Amino acid sequence: MKVLLISLGCDKNLVDSEVMLGLLNKAGHQLTNDETEADVVVVNTCAFISDAKEESINTIIEMGELKKTGKLKKLIVAGCLSQRYKDEIMKELPEIDVIIGATNYDKIVEAIGTDEESIIDDINYTPRPIAERIVTTNASMAYFKIAEGCNKLCTYCIIPHIRGRYRSMPMDSLIASAEKLASDGIKELVLVAQETTLYGVDLYGEKKLPELLTKLSEIEGIEWIRLLYCYPEEITDELIDAIKRNPKVCNYLDMPIQHGADDVLRRMGRWTNREQIENTVSKLRKEIPDIVLRTTLITGFPGETEEDFEQLKEFVEKMQFDRLGVFTYSREEDTPAAEMDEQIEEEIKASRRDEIMQIQQDIAFDKSNSRVGEIYEVMIEGKLPDEGVYIARTYMDAPDVDGYVFIQSDYNLDSGDFVKVEITRSDEYDLIGEIID
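**Regarding the overall build of the chain**
Moving on, step 1. Broken down by element type, the chain carries 15 helices and 19 strands.
Moving on, step 2. In summary, the chain has a C-alpha radius of gyration of 22 Å against a globular reference of 22 Å for 437 residues, a match within 12%.
Moving on, step 3. Principal axes of the C-alpha set define a box for the chain whose edges measure 60 × 60 × 45 Å.
Moving on, step 4. Burial statistics for the chain: of 437 residues in total, 57% are counted as buried.
Moving on, step 5. At a minimum sequence separation of 6, the contacts of the chain that also span at least 24 residues come to 72%.
Moving on, step 6. Total accessible area on the chain stands at roughly 19100 Å², and carbon and sulfur atoms take up 45% of it.
Moving on, step 7. Distance between charge centroids for the chain: 4 Å, based on 50 positive and 87 negative side chains.

Structure below.
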């Protein structure tokens, strides 16, 4: 069979998609990027917020049309949408032949050969460690999922009901997977999970992320290890020490906090408050002076008053995060927040988001300007051939969400090469630099 796989949603979903591609390839199926040539289309869906659900449904409908005009024989839907809305999508979208759940992506080969309509296990099902994987990012970096599910039960979030409880992946299987990626030329591992900081608590009875970082750092070929999704209340002195003493671990932390007003944090069901967040940030910056902190916020959560929003603005100004993204609150069915009083109009959510982003833009531009004259080691990601310009990232830049460094050079460089660059000027979120000998 010729199989096209479309991956939607987050980086964790992308890892699942890459594992499915590896399993399909191993089973002898031919992978294609041409939808008109595909015998089978697999859509790995997202259902985190309304926009993601809409994108997933539209993609399924679009691919289903190929049954009328192309050679498509089977349409398989995987991921969070199929896990959450199994009965609804099978009824409303008859073009679907088979659905598999969010966590049993290891059944993808079985799904191609089955006459069953669904292969969905319990949401706490965890696939065996799977070595097969085809990385689809670039030649030098890969997302590296270390756990599945979540126990936090934030009032706005449906993930625990789709992905199940928190389940760490065994450390030995993670090390073996990282060694395989390194042997395939991967130089940067970007660690992801619903929450990376709790890694190990379920398997080993204690947080094992510091130990995992140390062991990953020992793998030859891996040069950068980047941490995403570290909840502030779970950041320990041991984790900070592991970042400090392992040179391969980037001095970069993605720390989702969602708000800066205690009343809103309480209604969100977050396990921290503003003072604790500020103390954690202060400690990180004291212990690791060049650390880059990224966070995300939500505006327009039910009951967010003007006073709450003013506190959030003041918090953003005070904290001076290096990177910051803002989402408007999405009312998701089957979550406690969806039933809360004082739901806020979409226009207010959006205007508050835009106001925060304007504050952060000024902060980000000032920080970019402050980099001029500094020297950084950067990793080459690609080249703009018509302009003779290389695209690179510093340790300060996570793939897909942060900025780039643009370098004009007469050297011939490959993706994954590391070079030293002096920053000559800034251009909003991006930097321009020159290679130094």
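Past the structure itself, the notes keep going.
**Re the side chain of Asp-39**
Moving on, step 1. Following the sequence through the fold, Asp-39 ends up in the loop between β2 (30–31) and β3 (40–45).
Moving on, step 2. For Asp-39, the side chain forms a polar contact with the main-chain nitrogen of Lys-2, separated by 2.8 Å.
Moving on, step 3. Setting aside its immediate chain neighbours within four residues, Asp-39 contacts Met-1, Lys-2, Lys-71, Leu-72, Lys-73 and Lys-74.

**Digging into the packing of helix α10 (residues 209–217) against helix α11 (residues 237–245)**
Moving on, step 1. It is the contact of α10 with α11, at a shortest axis distance of 8 Å, that shows an interaxial angle of 15°. Compared by their axis directions, α10 and α11 come out roughly parallel. Once α10 is placed against α11, the crossing between them reads as left-handed. Touching Leu-209, Pro-210, Leu-213 and Thr-214 of α10 are Glu-238, Leu-239, Ala-242 and Arg-245, all from α11.
Moving on, step 2. For the contact of α10 with α11, the per-class residue count stands at five nonpolar, one polar and two charged.

**Notes on the packing of aromatic side chains**
Moving on, step 1. The full count for this structure, using the stated rule, is six aromatic pairs.
Moving on, step 2. Where Phe-365 meets Tyr-429, the ring centres are 5.1 Å apart and the plane angle is 70°; that geometry is what we call edge-to-face. Of this pair, Phe-365 sits in helix α15 (residues 346–370) while Tyr-429 sits in the loop between β18 (418–427) and β19 (430–435), and the two are 64 residues apart along the sequence.
Moving on, step 3. The structure contains a cluster of three or more aromatic residues connected by ring pairs, namely Tyr-156, Phe-301 and Tyr-329.
Moving on, step 4. Against the face of Tyr-252 rests Arg-226, its NZ or CZ located 4.7 Å from the ring centre.

**Quick word on the pairing of β18**
Moving on, step 1. Across five bridges, the pairing between strand β15 (residues 375–384) and β18 is antiparallel. Each bridged residue has a counterpart across the sheet, and for Met-379 the counterpart in β18 is Phe-418.
Moving on, step 2. Judged from the six bridges that link them, β18 and β19 form a sheet pairing that is antiparallel. Directly across from Glu-422, in β19, lies its bridge partner Glu-434.
Moving on, step 3. Hairpin remark: β18 followed by β19, antiparallel, with two residues in the connecting loop; positive phi at Glu-428, about 55°.

**Quick look at α11**
Moving on, step 1. Buried within α11 are the following residues: Leu-239, Ile-240, Ala-242 and Ile-243. Here the buried residues of α11 occupy an arc of 160° about the axis, which is enough to place them on one side.
Moving on, step 2. Residues of α11 that are buried in the fold lie against α10, β11 (224–227), β12 (249–254) and α13 (274–287).

**Considering the side chain of Glu-95**
Moving on, step 1. By secondary structure assignment, the location of Glu-95 is in the loop between α5 (86–92) and β5 (98–100).
Moving on, step 2. Among buried Asp, Glu, Lys and Arg side chains, Glu-95 stands out as unpaired, with Lys-67 the closest opposite charge at 7.5 Å.
Moving on, step 3. When neighbours within four sequence positions are excluded, Glu-95 is seen to be in contact with Ile-60, Ile-61, Gly-64, Lys-67 and Leu-75.

**Details of the nonpolar core**
The nonpolar side chains of soluble globular proteins are, as a tendency, buried together.
Moving on, step 1. Counting residues in each nonpolar core, the largest one holds 74 residues, and the members touching the most others are Ile-146, Leu-191, Leu-212 and Leu-216.
Moving on, step 2. Broken down by element, the residue count for this core peaks at six residues, all from helix α8 (residues 171–183).
Moving on, step 3. Tyr-229, Tyr-376, Met-379 and Leu-431 belong to the second-largest nonpolar core, a separate cluster that totals 29 residues.

**Focus: the sheet that holds strand β1 (residues 2–7)**
Moving on, step 1. Judged by pairing direction, the sheet is parallel, and its six strands sit side by side in the order β2-β1-β3-β4-β5-β6 without closing on themselves. Each edge of the sheet is formed by a strand with only one pairing partner; in this case those strands are β2 and β6 (118–119).
Moving on, step 2. When β5 meets β6, the two strands line up parallel, connected through two bridges. If you follow Ile-99 over to β6, its bridge partner there is Ser-118.
Moving on, step 3. Packed on one face of the sheet, helix α1 (residues 11–26) meets β1, β2, β3, β4 (74–79) and β5 and runs near 170° to β1.
Moving on, step 4. Where helix α2 (residues 50–64) meets the sheet, its contacts fall on β1, β3 and β4, and the angle it forms with β3 comes to roughly 175°.

**Topic: the sheet that holds strand β16 (residues 389–393)**
Moving on, step 1. The sheet built from five strands closes into a barrel, its strands ordered β15-β16-β17-β19-β18 with mixed pairing. Averaged over neighbouring strand pairs, the angle between their axes works out to 50° when direction is ignored.
Moving on, step 2. Looking at chain direction, strand β17 (residues 405–408) and β19 are connected through three bridges and run parallel. Bridge pairing in β19 links Ile-407 to Gly-433.

How each quantity is defined
- Residues numbered from 1 in each chain as written.
- Predicted model: local features only at pLDDT ≥ 70, side-chain atom pairs only at ≥ 80, totals over all residues.
- Heavy atoms only, no water.
- Helix = DSSP H or I, 4+ residues; strand = E, 2+ residues; numbered from the N terminus.
- Rg over C-alpha atoms; globule rule 2.2 N^0.38 Å.
- Buried < 20%, exposed > 50% of the residue type's maximum accessible area, 1.4 Å probe, protein only.
- Contact = heavy atoms within 4.5 Å.
- Areas by Shrake-Rupley, 256 points an atom, 1.4 Å probe, with all protein chains shown as cover.
- Lys, Arg positive; Asp, Glu negative; His and termini not counted.
- Charge placed at Lys NZ, Arg CZ, Asp CG, Glu CD.
- Polar contact = N/O pair within 3.5 Å; in protein donor to acceptor, adjacent residues only side chain to side chain.
- Axes fitted to C-alpha atoms, helices over the stretch in contact; angles between N-to-C directions.
- Parallel < 35°, antiparallel > 145°, perpendicular 65-115°, else oblique.
- Left-handed = near helix turned anticlockwise from the far one by under 90°.
- Nonpolar A, V, L, I, M, F, W, Y, C, P; charged D, E, K, R; others polar.
- Phe/Tyr/Trp six-rings, centres within 6.5 Å; stacked < 30°, edge-to-face > 60°.
- Lys NZ or Arg CZ within 6 Å of the ring centre and 35° of its normal.
- Pairing = 2+ DSSP bridges.
- Arc of directions from axis to C-beta.
- Salt bridge = Lys/Arg side-chain N within 4 Å of Asp/Glu carboxyl O.
- Core = buried A, V, L, I, M, F, W, Y, C linked by side-chain atoms within 4.5 Å.

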